[in-house]
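Listed here are the chains, written in short residue letters.
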Amino acid sequence: ETGVTQTPRHLVMGMTNKKSLKCEQHLGHNAMYWYKQSAKKPLELMFVYNFKEQTENNSVPSRFSPECPNSSHLFLHLHTLQPEDSALYLCASSLGTGYYEQYFGPGTRLTVT
Amino acid sequence: GENVEQHPSTLSVQEGDSAVIKCTYSDSASNYFPWYKQELGKRPQLIIDIRSNVGEKKDQRIAVTLNKTAKHFSLHITETQPEDSAVYFCAASRDSGNTPLVFGKGTRLSVIA
């Protein structure tokens, strides 16, 4: 269960704050993903990176800004969030996109006050 | 793009009974169909998958069936046990190009002892 790690595990932030979520994978994978998990949309894909290139932006508001400096690290920069952005943010990685198994991290529970 | 519908959203069964979860997909080019299980407070994990060149796949008490003509696939769990209680997600994708998995909205399965 340590193949994909996420920090922090819990985050409380105000609407005017700027914070970042970090994801790291130790599996030698080439694709990394950000998902938002909430009661309304249980597994909502946000961004996909394949070989450090963003290949999918699922109409995510610009207050969420991803960064993938290398195939092992993925960040999600947050600024001026809204209370409805409170959710569990899951990172995942896979050897490639398409038919490869995705390995999920434990998630960051975000609360926007 | 692909759209995956999953039913039912919640399912309760008595221990020892069978459980069936059904999904439909829209993209006839999709050919990879995995199922993920997410236990309470844990990350989603792959439990079984099927590719379009087979109609059924079994792994102990779980099986998945695929009907490409009708564009639907199902998860079957036999002899259910309390530890089967979880949220199950179906997904679909193509195995070529940068097409990520599209997940269904999940089914919360409760196995009553």
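The preceding data block contains the structure.
A.B. asks: What's the story with the packing of aromatic side chains in this structure? I'm lost.
C.D. replies: Geometrically, a pair of aromatic rings is defined through the distance of the ring centres and the angle of the planes. All names here are of chain A. Under the criterion given, the structure shown has 14 aromatic pairs over all chains. For the pair Phe-64 and Tyr-89, a centre-to-centre distance of 5.9 Å together with 35° between the ring planes defines the contact as tilted. Linking Phe-64 in strand E7 (residues 64–70) with Tyr-89 in strand E9 (residues 87–94), this pair joins segments that are 25 residues apart in sequence. Relative accessible area serves as the criterion here: at 5%, Phe-64 is assigned to the buried category.

A.B. asks: Looking at this model, I keep getting lost on the sheet that holds strand E1 (residues 4–7) of chain A. Mind explaining?
C.D. replies: All names here are of chain A. Taken in spatial order, the four strands make up an open sheet running E1-E3-E8-E7, and their pairing is antiparallel. Where the open sheet ends on each side, the last strands, each with one partner, are E1 and E7. Across the sheet, the axes of successive neighbouring strands diverge by a mean angle of 20°, strand direction being ignored.

A.B. asks: Explain the state of the cysteines to me, please; I cannot follow it from the model alone.
C.D. replies: Here a disulfide denotes one covalent bond, and it connects the sulfur atoms of two cysteines. Residues and elements named next belong to chain A. On inspection of all chains with the given rule, the structure shows two disulfides over all chains. The residue that forms a disulfide with Cys-23 is Cys-91, at a sulfur-sulfur distance of 1.9 Å. Taking the sign of the torsion about the S-S bond as the criterion, the disulfide between Cys-23 and Cys-91, at about -75°, is left-handed. Of this pair, Cys-23 sits in strand E3 (residues 18–25) while Cys-91 sits in strand E9; the two residues are 68 residues apart in sequence, bridging distant segments of the chain. Across the pair, Cys-91 and Cys-23 agree in class, each one buried. The cysteine Cys-68 is free of any disulfide, with Cys-91 supplying the nearest cysteine sulfur at 9.1 Å.

Parameters at a glance
- Residues numbered from 1 in each chain as written.
- Chains lettered and ligands numbered in written order.
- Predicted model: local features only at pLDDT ≥ 70, side-chain atom pairs only at ≥ 80, totals over all residues.
- Heavy atoms only, no water.
- Phe/Tyr/Trp six-rings, centres within 6.5 Å; stacked < 30°, edge-to-face > 60°.
- Helix = DSSP H or I, 4+ residues; strand = E, 2+ residues; numbered from the N terminus.
- Buried < 20%, exposed > 50% of the residue type's maximum accessible area, 1.4 Å probe, protein only.
- Pairing = 2+ DSSP bridges.
- Axes fitted to C-alpha atoms, helices over the stretch in contact; angles between N-to-C directions.
- Disulfide = S-S within 2.5 Å.

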